[in-house]
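Close look at the chain arrangement
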Amino acid sequence: MEETTEEKTIESHALQTFCCHKFEPSVKGGGMEIDMKRADIGTELSSNTYPGRGIVIGKSPDGNFAVTAYFIMGRSENSRNRIFVEDGDGIRTQAFDESKLTDPSLIIYAPVRVLGNKTIVTNGDQTDTIYEGMDRQLTFEQSLRSRTFEPDAPNYTPRISGILHIEDGMYNYAMSIIKSNDGDPASCSRYTFAYENPAAGEGHFIHTYMGDGNPLPSFEGEPKLVEIGEDIDSFTNLLWNHLNEDNKVSLFVRYIDVRNGHFETRIVNKNKE
């Protein structure tokens, strides 16, 4: 029965996996030159008033730290009425003012959970789906097959997810986006991007929306290749200071030492006690 369910899932949804590598210029001088340049994450953020929710994953310039960041934004009072709080080795969202909380279904969840040597980061309650699936020996991709985009018509917000895996001094990560087919809720597209032995100083950035609008336009293309900051405090400040002042709500940043698994965390909330 389990095989039948899985076969139906694969047949009914577009499933694509990409193994990503660093590209170097193939021709220098008079010919065509391929150059995958790292974008400045500050510029990426400041040029978009409403990227929605976003995940950054990469490696520090010295190569010693696996790096991840997650931010949330909001346009409505309900969405803006949130803070990040630590929950064990992970975090969860929480209403800043409980009296103003109206619909918790898509805004209260655990964005970050840790399963052994794996750190899971997502924009919704699929964090729990991945955690539970991988705890049963499913892969990151397999765990997400039971989920689709969020049911918030007409936006149908994409579910974005990431996972960092550190073992014996080695580090790799993957990112996923599950979204509607150009706003059609009858069709679901699934994309997974895997990054093995990532280069120092590089990372990738994926977010839910291309920008503001009604309905909100879903993210398109591959995760953006971006530069990763040297240390956790300067990188946290860079991200927070370039998010739109009116719409930003909370930010989480973590640097994990790939040599021993120890980590440092920073949380910034616009709403403060």
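Preceding block: the structure.
Residues numbered from 1 in each chain as written. Predicted model: local features only at pLDDT ≥ 70, side-chain atom pairs only at ≥ 80, totals over all residues. Heavy atoms only, no water.

Topic: helix H6 (residues 232-242)
Heads up, the rule is: Between buried and exposed lies partly exposed: a residue is buried under 20% and exposed over 50% of the maximum accessible area for its type, with that area taken using a 1.4 Å probe on protein chains only. Where helices and strands are cited, they refer to DSSP runs of H or I of at least four residues and of E of at least two residues respectively, numbered from the N terminus. By arc we mean the arc of the directions from the helix axis to the C-beta atoms, nothing more. By the convention used here, residues are in contact when the closest approach between their heavy atoms is within 4.5 Å. Whenever two N or O atoms come within 3.5 Å, that pair is a polar contact, provided that in protein one can donate a hydrogen and the other can accept it, and provided that, for residues adjacent in sequence, both atoms are side-chain atoms.
Buried residues of H6: Ile232, Phe235, Thr236, Leu239 and Trp240, and no others. The buried residues of H6 occupy an angular sector of 125° when the element is viewed end-on, so they sit on one face. For H6, the secondary structure elements touched by its buried residues are helix H2 (41-46), strand S2 (54-59), strand S3 (65-73), strand S12 (224-227), strand S13 (248-257) and strand S14 (263-269). Where H6 starts, the residue carrying a side-chain oxygen 3.1 Å from the main-chain nitrogen of Asp233 turns out to be Asp231.

Overview of the sheet that holds S13
Spelled out, the test is: The criterion for strand pairing is that DSSP finds at least two bridges linking the strands in question. Lines are fitted to the C-alpha atoms to define the axes, a helix being fitted only along its stretch in contact, and any angle between axes, read from their N-to-C directions, falls within 0 to 180 degrees.
Here six strands make up an open sheet; going across it, the order is S12-S11-S2-S3-S13-S14 and the pairing antiparallel. Strands at the two margins of the open sheet, each flanked by one partner only, are S12 and S14. Strand-to-strand twist across the sheet, computed as the mean angle between neighbouring axes with direction ignored, equals 20°. The pairing of S13 with S14 spans seven bridges and is antiparallel. Following the sheet pairing, Ile256 is matched in S14 by Phe263. Sheet strands in contact with H6 are S2, S3, S12, S13 and S14, and its direction is about 155° off that of S13.

A closer look at the pattern of salt bridges
Cut-off, in case you're wondering: For salt bridges, the criterion is a side-chain nitrogen of Lys or Arg within 4 Å of an Asp or Glu carboxyl oxygen.
Enumeration according to the criterion identifies ten salt bridges in this entry. The salt bridge partner of Glu245 is Lys248, with a shortest N-O separation of 3.2 Å. Look at Lys248 and you get buried, because its relative accessible area is 5%. Look at the salt bridges and you will find they share partners, linking Asp125, Arg147 and Arg159 into a network.

A look at the side chain of Asn269
Tracing the backbone through its elements, the reader meets Asn269 in strand S14. The class of Asn269 is buried, set by a relative accessible area of 15%. Side-chain polar atoms of Asn269 contact the backbone nitrogen of Phe84, separated by 2.8 Å. Within polar-contact distance, the side chain of Asn269 engages the side chain of Ser250 at 2.6 Å. What Asn269 contacts, discounting residues up to four positions off in sequence, is Ile83, Phe84, Trp240, Val249 and Ser250.

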